[in-house]
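Topology and contacts: notes
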Amino acid sequence: MESYALLLAATLNAGTVLAIAALGLLINEKAGIVNLGAEGMMLCAAMAGFATVVHTGNDWLGFAAGMGAGALLAAIFGLLVIWLNTNQYATGLALSLFGVGFSAFAGIKYVQEKLPERPHFSIPVLGDIPLVGPALFRQHPLVYLTIAFAIGLIWFLYRTRAGLVLRSVGESPDSAHALGYPVRRIRLAAVVVGGALCGLAGAYISVVYTPLWVEGMVAGKGWIALALTTFATWRPARVLLGAYLFGGVTMLQFHLQGVGVEVPSQLLTMLPYVSTIVVLALISRNPAWIRVNMPASLGKPFHPGS
């Protein structure tokens, strides 16, 4: 039972990375913008967050640095695709490649660095409950903040006027523009917020999830987060559920190795990526279902006055 409690705790920790990034990408896509640069933004943010904590010893400053790095790269991406009308898919791939190379170059001197002693978090009383406490109530505060943010995002998107405007920009930017809404500025704001959340996810990886810096440490999580938005049909609650599902698959490989299951380690390492491909393949069998839930103007450029 204790091993299962630890597996659940590890699942929440791993799923939080995917949840933060995927919620950021969902905000982008609700505004009609596809950003394939999540992997690069997360890598740059992971490096920025780790370097900040090395020099300051403050995890929250590291998170802020990661968010700043992600927001900056997203802002550049937004200016290119929203104002200069570059292709969203090509620009996103270029951003991802740039992030991979730049983070490797800028992070060379931090490969051997170590972070200060990691704090241990536990909710008073609840954290001492046998089995349940270690599984649910000894997580980093960002785990609980992520769940709260997902709930807040549901309220924002479906219960507020600003959320309605954001969704209308993703559904019909021409109609939103005709009503007097600044479509380009709204899209840029959504892209920057999404980039900041991807940056936070990257910083969480290097500061909390695996407190170190090595080249390419995001290891495809940005691409899995992108797949999650489609898997969740652009619904925050489903994004959260899917993130923890994929987090559980990721941690399952270590659990199986720990209990002595005779399976090649390379096969177990493939599990999260294989499950992503399988889920996307199953969803793609019903394209009509995706079209019903997908923002109508997703990936389409907007030209005011055209």
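Computed from a predicted model, the values in this text were never measured in an experiment. (Residues numbered from 1 in each chain as written. Predicted model: local features only at pLDDT ≥ 70, side-chain atom pairs only at ≥ 80, totals over all residues. Heavy atoms only, no water.)

1. Here we look at the overall build of the protein chain
Just so we agree on the cut-off: Numbered from the N terminus, helices here are DSSP runs of H or I no shorter than four residues, and strands are runs of E no shorter than two. Based on C-alpha atoms, the radius of gyration is set beside the globule rule, defined as 2.2 Å times the residue count to the power 0.38. Only protein chains enter the calculation, and the probe is 1.4 Å; a residue is then buried if its accessible area is under 20% of its type maximum, exposed if over 50%, and partly exposed in between.
When helices and strands are tallied, the protein chain shows 13 helices and zero strands. Secondary structure elements of the protein chain occur, N-terminal to C-terminal, as α-α-α-α-α-α-α-α-α-α-α-α-α. A compact globule built from 306 residues would reach a C-alpha radius of gyration of about 19 Å, and the protein chain, at 20 Å, matches this within 12%. The C-alpha extent of the protein chain, read off along each of the three principal axes, is 60 × 45 × 40 Å. Here the protein chain, with 306 residues, has 50% of them falling under the buried criterion.

2. Some words on the confidence of the model for the protein chain
Our working definition: In predicted models, pLDDT denotes the confidence assigned by the predictor to each residue on a 0 to 100 scale.
On average, the protein chain scores 90 in pLDDT, and the residues at 70 or more come to 97%. Within the protein chain, the element-level pLDDT minimum falls on helix 13 (residues 287–293), averaging 75, and the maximum on helix 3 (residues 59–83), averaging 97.

3. Quick notes on helix 10 (residues 221–231)
Among the 11 residues of helix 10, eight are classified as buried, and the element is accordingly described as predominantly covered. Inspection of helix 10 places Lys221, Gly222, Ile224, Ala225, Leu226, Ala227, Leu228 and Thr229 among the buried residues, and these make up the whole buried set. Thr233 lies just past helix 10 and shows a positive phi near 50°.

4. Here's the deal with the state of the cysteines
A disulfide bridge is the covalent bond that connects two cysteines by way of their sulfur atoms. Here is the rule we go by: The term disulfide is used for any two cysteine sulfur atoms that are within 2.5 Å.
On inspection of all chains with the given rule, the structure shows zero disulfides. Note on Cys44: no disulfide assigned, nearest cysteine sulfur contributed by Cys198 at a separation of 12 Å.

5. Concerning the environment of Gly107
This is how the line gets drawn: Residue contacts follow a heavy-atom distance rule, with two residues in contact if any of their heavy atoms lie within 4.5 Å.
If you trace the backbone, Gly107 turns up in the loop between helix 4 (88–106) and helix 5 (132–136). Given a relative accessible area of 0%, Gly107 falls into the buried group. Considering only alpha carbons, one finds Gly107 and Leu197, 90 residues apart in sequence, at a separation of 21 Å. Setting aside anything within four residues of it in sequence, one finds Gly107 in contact with Met47 and Trp213.

6. Some details on the pattern of salt bridges
We count it as follows: By definition, a salt bridge exists where a carboxyl oxygen of Asp or Glu is found within 4 Å of a side-chain nitrogen of Lys or Arg.
Counted under the stated rule, the structure contains one salt bridge. A salt bridge links Arg118 to Asp59; the nearest nitrogen and oxygen atoms lie 2.8 Å apart. With Arg118 in the loop between helix 4 and helix 5 and Asp59 in helix 3, this pair connects stretches of sequence that are 59 residues apart.

7. Side note on helix 7 (residues 161–171)
Stated formally: The arc refers to the directions leading from the helix axis to the C-beta atoms.
For helix 7, the complete set of buried residues consists of Gly163, Val165, Leu166, Val169 and Gly170. The arc that holds the buried residues of helix 7, viewed along the axis, is 160°, so those residues lie on one side. As for helix 7, its buried residues are in contact with helix 1 (2–30), helix 6 (141–159), helix 8 (173–178) and helix 9 (183–209).

8. Focus on the nonpolar core
Taken as a class, soluble globular proteins show a tendency for nonpolar side chains to be buried jointly. Rule in force here: What is meant by a nonpolar core is a set of buried Ala, Val, Leu, Ile, Met, Phe, Trp, Tyr and Cys residues, joined one to another through side-chain atoms within 4.5 Å.
By size, the foremost hydrophobic cluster in this structure holds 80 residues, and its most contacted members are Met42, Phe63, Tyr204 and Trp213. With sequence-adjacent residues up to four places away left out, Trp213 is seen in contact with Leu43, Ala46, Met47, Phe50, Ser103, Gly107, Tyr110 and Val111.

9. Observations concerning the packing of aromatic side chains
Note the threshold: Two rings from Phe, Tyr or Trp (for Trp, the six-membered ring) form a pair when their centres sit within 6.5 Å of each other. Planes less than 30 degrees apart are called stacked, planes more than 60 degrees apart edge-to-face, and all others tilted.
Taken as a whole and assessed by the stated rule, the structure comprises three aromatic pairs. For the ring pair Phe98 and Phe102, a centre distance of 5.5 Å and an interplane angle of 15° mean the geometry is stacked. Residue Phe98 and its partner Phe102 are located together in helix 4, separated by four residues, close to a single helical turn. A residue is classified by how much of its surface remains accessible, and Phe102, at 37% relative accessible area, is partly exposed. Centre to centre, the rings of Phe231 and Phe246 are 5.7 Å apart; their planes meet at 75°, and the pair counts as edge-to-face. Of this pair, Phe231 sits in helix 10 while Phe246 sits in helix 11 (residues 236–258); the two residues are 15 residues apart in sequence, bridging distant segments of the chain.

10. Things to note about the side chain of Ser96
Locating Ser96 in the fold gives a position in helix 4. Given the relative accessible area of 4%, Ser96 is considered buried. Beyond its immediate chain neighbours, meaning those up to four positions away, Ser96 contacts Leu36, Gly37, Glu39, Gly40 and Trp223.

11. Some remarks on the packing of helix 3 against helix 4
As a reminder of what qualifies: Each axis is a line fitted through C-alpha atoms, taken for helices only over the stretch in contact, and angles between the N-to-C directions span 0 to 180 degrees. Orientation categories follow fixed angle ranges, with anything under 35 degrees roughly parallel, anything over 145 roughly antiparallel, 65 to 115 roughly perpendicular, and all other angles oblique. Each crossing gets its hand from how the near helix is turned against the far one by less than a right angle, where anticlockwise is left-handed and clockwise is right-handed. Polar here means any residue other than Ala, Val, Leu, Ile, Met, Phe, Trp, Tyr, Cys and Pro, which are nonpolar, and Asp, Glu, Lys and Arg, which are charged; Gly is therefore polar.
One way to put it is that helix 3 packs onto helix 4 with a least axis distance of 10 Å and a crossing angle of 155°. It follows that helix 3 is roughly antiparallel to helix 4 by the angle criterion. Considering how the two elements wind past one another, helix 3 and helix 4 form a crossing that is right-handed. Together, Leu73, Phe77, Leu80 and Val81 of helix 3 and Gln88, Thr91, Gly92, Leu95 and Phe98 of helix 4 make up the contact between the two elements. A breakdown of the residues in the contact of helix 3 with helix 4 according to their chemical character gives six nonpolar, three polar and no charged.

12. Considerations on the side chain of Asn28
Topologically, Asn28 is positioned in helix 1. Judged by its relative accessible area of 1%, Asn28 is buried. Ignoring sequence-local partners within four residues, the contact set of Asn28 consists of Ile33, Asn35, Ala190, Val191 and Gly194.

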